[in-house]
Amino acid sequence: MSSLQSRTVMRRAGFIVVLLALATANAAIAAGISEQEFARRRTDLLQMLDSASVAVFRSADVKQRSADTGYEFRQESNLLYLTGVTEPVVTLVQVGRPVTLNGSPTRRILLVQPEVLRTLTAAGVFKDGVIVDVAKLPEILNLVLAGASTLYLSAPDIRFVNDWLNDRPLFVDRDVKRELERRHDGLKVKSAGPMVGKLREIKSESEIALIKKSIAATGEGIVRAMKLCKPGVYEYELQAAIEFEMTRQGAEYVGFPSIIGSGPNSLILHYDKNRRQMGRGEVVVMDVGAEMEGYSADVTRSIPVSGKFTKEQRDVYAAVLGAQKAVIKIIRPGRTFADLDRTAKSSLEKSGFGRYLNHGVSHHLGLDTHDAGGIDTLKAGMVITVEPGAYVPLSDSILAPAYRGWGVRIEDDVLVTDSGATVLSSSIPKELQEIERTMRR
Ligand SMILES: [Mn+2]
């Protein structure tokens, strides 16, 4: 390489460094939620801690994909909920009893890398606490854990890693807990999950607005896929159409790997290989969701590959749609998730497809696609999915052969209100005729 070339490379490298710095400055905090709301969430959490308790929230790490390339980083949801910070190597410490730091008492400490510290300080966030260099973590943990009786811990959900050399699982969580309890006399280590889940299960106005944005982008993608779909097209082409629209609408991520399951793949709940070429007369299940500022959509539409439902597909589709509407109809505060499952089942039973639903029909939706929160009683402000399905295995011997070896799922995102439910994804084609009309383009 000539010196001229190497100078150009160095200049270009310098340019890239500047670009990265700019990207960091803009991307360190999620948009769409005000700093006052983040501060309120931190206060709400502090109110759940007694004076001898400490809560620690740790960010995810960048995972290696190959050589020096990492997987795209995504913040751990509890930490994102409490701070909005989208950077790796972040820890939030909240203490029941104030500790003195930099000369003043505080109950909220945010530990970040030096360049993030500068960005957050310049942005004027976390004024209700103290931001310090993450290098001080051991020192700060010793300070806050001295005399503490309970540590509520939240970290990316690694239950175990497999120690392949000895062919056994290493329970990381358990080892961390044991080590902490050994080092700090009388300390009990518990998960912070349920505590934050209580806060996260009720959505604020701004959270609902972000979920709606994700749903709108998802809907654009689904309609584009409906128009593209025909025999001979590959599952990944529908995935591309859907994710093209999501990205174009500003989604940073997909909330979960897009599920495009045609023919026999429609029977696999979390099928995400999306490699199959679709054939005439088949059904394709598209279970997808954009993610914006951390908030995910989760919508499923099942469509006929040829653009027109067969008689058997119509039967199954109408039964599943009927079950979905029956569930949505009974949603209101006080109902339980079990009520929703029962309603879907009994509706499907009436049309003879009851035995072909093998999963729960609802989960919370928010920062996680399967969001945190209690799964007993519904409350106003919760956002949940309603997703019944019917999947007739190839080995079935009850229904006629034309019903076997494929399935249908229909999923919408629903806000629980004081008086009932609002379907947030209602503008995405769902009725039989509506889907056929959209596919005719
Ligand atoms: Mn779902």
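Residues numbered from 1 in each chain as written. Predicted model: local features only at pLDDT ≥ 70, side-chain atom pairs only at ≥ 80, totals over all residues.

A. Structural detail: the sheet that holds strand 12 (residues 259-262). Pairing in this open sheet of three strands is antiparallel, and the strands run 12-13-16 from one edge to the other. The open sheet has two edge strands, strand 12 and strand 16 (299-304), and neither has a second partner. Across the sheet, the axes of successive neighbouring strands diverge by a mean angle of 15°, strand direction being ignored. Looking at chain direction, strand 13 (residues 283-288) and strand 16 are connected through six bridges and run antiparallel. The residue of strand 16 that forms the bridge with Met-286 is Arg-301. (Pairing = 2+ DSSP bridges. Helix = DSSP H or I, 4+ residues; strand = E, 2+ residues; numbered from the N terminus. Axes fitted to C-alpha atoms, helices over the stretch in contact; angles between N-to-C directions.)

B. Molecular detail of the environment of Gly-420. By secondary structure assignment, the location of Gly-420 is in the loop between strand 20 (412-416) and strand 21 (421-423). For the pair formed by Gly-420 and Lys-188, sequence separation is 232 residues and the distance between their alpha carbons is 41 Å. In this structure, Gly-420 is in contact with Ile-331 and Arg-332, ignoring residues within four places of it in sequence. (Contact = placed C-beta atoms within 7 Å.)

C. Structural view of the sheet that holds strand 11 (residues 253-254). On the basis of which strands lie adjacent, the open sheet formed by three strands has the order 11-14-15 and antiparallel pairing. The sheet is open, and its two borders are formed by strand 11 and strand 15 (295-296), each paired with just one other strand. Inspection of the sheet shows strand 11 paired to strand 14 (residues 290-292) by two bridges, in the antiparallel sense. The partner of Val-254 across the bridge, within strand 14, is Ala-290. The sheet strands contacting helix 8 (residues 205-228) are strand 14 and strand 15, and the helix crosses strand 14 at an angle near 145°.

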